[in-house]
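One-letter residues, chain by chain:
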Amino acid sequence: MSLNNKQWLLISHTTGEPTPEHFKLVERELPDLQDGEVLVRHHYLSLDPYMRGRMTDAKNYATLQPLNEVMIGGTVGEVAASKNPAFAVGDPVVGMGSWQLYQRVTVAELGGLRKVDTSCVPLSAYLGAVGMPGVTAWYGLNRIIEPKAGQTIVVSAASGAVGSTVGQLAKVRGARAVGIAGGPDKCRYVTQELGFDACIDYKQHQDLESLSQALKEACPDGIDGHFENVGGMILDAVLLHSNSFARVALCGMISRYGQPIPITQTQHILMNRMRLEAFVISEHMEVWPDALKELGTLVAAGKLKYRETVSQGLESAPEGLCDLFKGKNFGKQLVKLV
């Protein structure tokens, strides 16, 4: 019996912020499964900052998304049909299933499909706290920042999927966590629900002097580690208050993707003999098993909290992506398909 599959195609690249006009929704019939193949029915689609880099033909660490092909994206779902003995109908799975209702997984693609345990961890969490964002936070904190008990760790975009995990993991390791987020609601969430020691509302500090003063008050003993998701003025303010031998994990520069991002306080990197290291988590697959084990254990025990912003239906994916870059999301941005 044939099935119809809905898919979002990327039809034009962008030099600025993405808009729904860059995408086209199509409907196609799914071919029958061949021996060794698996059909996955997606339940959730992940929307992530890296997608913007894949939509522009400017130099970027992410591979350019080809035009008129299904938009790339992480997904979780369940096996709807299988001609492979390693997968049974009903198995919950996570993979890069792209912006579509169904994914026909060929034999060559099966290495990217992973079965997951949903008895203690909700399926959607495998796209967030126990997925790529969580592992990103885990790697940057543990392999670059290397926090020690009593140290002060600052994280920008602290209410997001990555930043919220960074701060909570820092607290688990006995460090002091200071977040930077946009708006009083997000800052309250960061401190009252996630347990950060302080949170700065960057929207209340429109210049470097004001933001610097807020950081000084929140970090009276200086900054020992910083997880950067935003760049620009926030990074400058952090550099002004960094201690000797401070470490910076550079994960994202979402403040001005595709445009030059000036940094004016670079002299402090030398004066403080700081370590600033950029990374892309897909280049560090060796840490995923250890990271996922700890993240899953913490989520199952209720010790790692997360929030999801969920839009309904595949049709909402382009708008959801646009909202992500406007800072409208709280925590992990998802699209619910089932």
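Going by an unreviewed UniProt entry, the protein carries the name NADP-dependent oxidoreductase YfmJ and comes from Pseudomonas fluorescens.

A. Highlighting the overall build of the protein. Across its full length, the protein holds nine helices and 16 strands. Computed over C-alpha atoms, the radius of gyration of the protein comes to 20 Å, within 12% of the 20 Å expected from 2.2 N^0.38 for 338 residues, which places it in the range of a compact globule. Principal-axis analysis of the C-alpha atoms gives the protein an extent of 65 × 40 × 35 Å. Across the 338 residues of the protein, 55% fall into the buried class. The long-range fraction of contacts in the protein, counting pairs at least 24 apart against all pairs at least 6 apart in sequence, stands at 69%.

B. Expanded view of helix α5 (residues 208–218). Of all the residues in α5, the buried ones are Leu-211, Ser-212, Ala-214, Leu-215 and Ala-218. For α5, the arc enclosing every buried residue in end-on projection is 160 degrees, short of the 170-degree limit, so these residues lie on one face. Among the exposed residues of α5, those pointing more than 90 degrees away from its buried face are Glu-209, Lys-216 and Glu-217. On the buried face of α5, the contacting elements are β9 (152–156), β10 (176–181), β11 (198–201), β12 (223–228) and α6 (233–240). N-cap assignment for α5: the residue whose side-chain oxygen lies 3.2 Å from the backbone N of Glu-209 is Asp-207.

C. Looking closely at the environment of Val-107. Relative to the elements of secondary structure, Val-107 occurs in the loop between β7 (102–105) and β8 (114–115). Here Val-107 falls in the exposed class, since its relative accessible area comes to 52%. A C-alpha to C-alpha distance of 8.8 Å links Val-107 and Asn-84, two positions 23 residues apart in sequence. Ignoring any residue separated from it by four or fewer positions in sequence, one finds Val-107 in contact with Asp-35, Gly-36 and Glu-37.

D. A look at the pairing of β10. Along β10, five of the six residues are buried, which leaves the element largely enclosed by surrounding structure. Handedness of the crossover joining β9 and β10 through helix α3 (residues 161–172): right-handed. Where β10 meets β11, four bridges bridge the pair, whose relative direction is parallel. For Gly-179, the partnering residue across the bridge sits in β11 and is Cys-199. Of the crossover connections in this fold, the one passing from β10 over helix α4 (residues 184–193) to the parallel β11 is right-handed.

Parameters at a glance
- Residues numbered from 1 in each chain as written.
- Predicted model: local features only at pLDDT ≥ 70, side-chain atom pairs only at ≥ 80, totals over all residues.
- Heavy atoms only, no water.
- Helix = DSSP H or I, 4+ residues; strand = E, 2+ residues; numbered from the N terminus.
- Rg over C-alpha atoms; globule rule 2.2 N^0.38 Å.
- Buried < 20%, exposed > 50% of the residue type's maximum accessible area, 1.4 Å probe, protein only.
- Contact = heavy atoms within 4.5 Å.
- Arc of directions from axis to C-beta.
- Polar contact = N/O pair within 3.5 Å; in protein donor to acceptor, adjacent residues only side chain to side chain.
- Right-handed = clockwise from strand over helix to strand, strands pointing away.
- Pairing = 2+ DSSP bridges.

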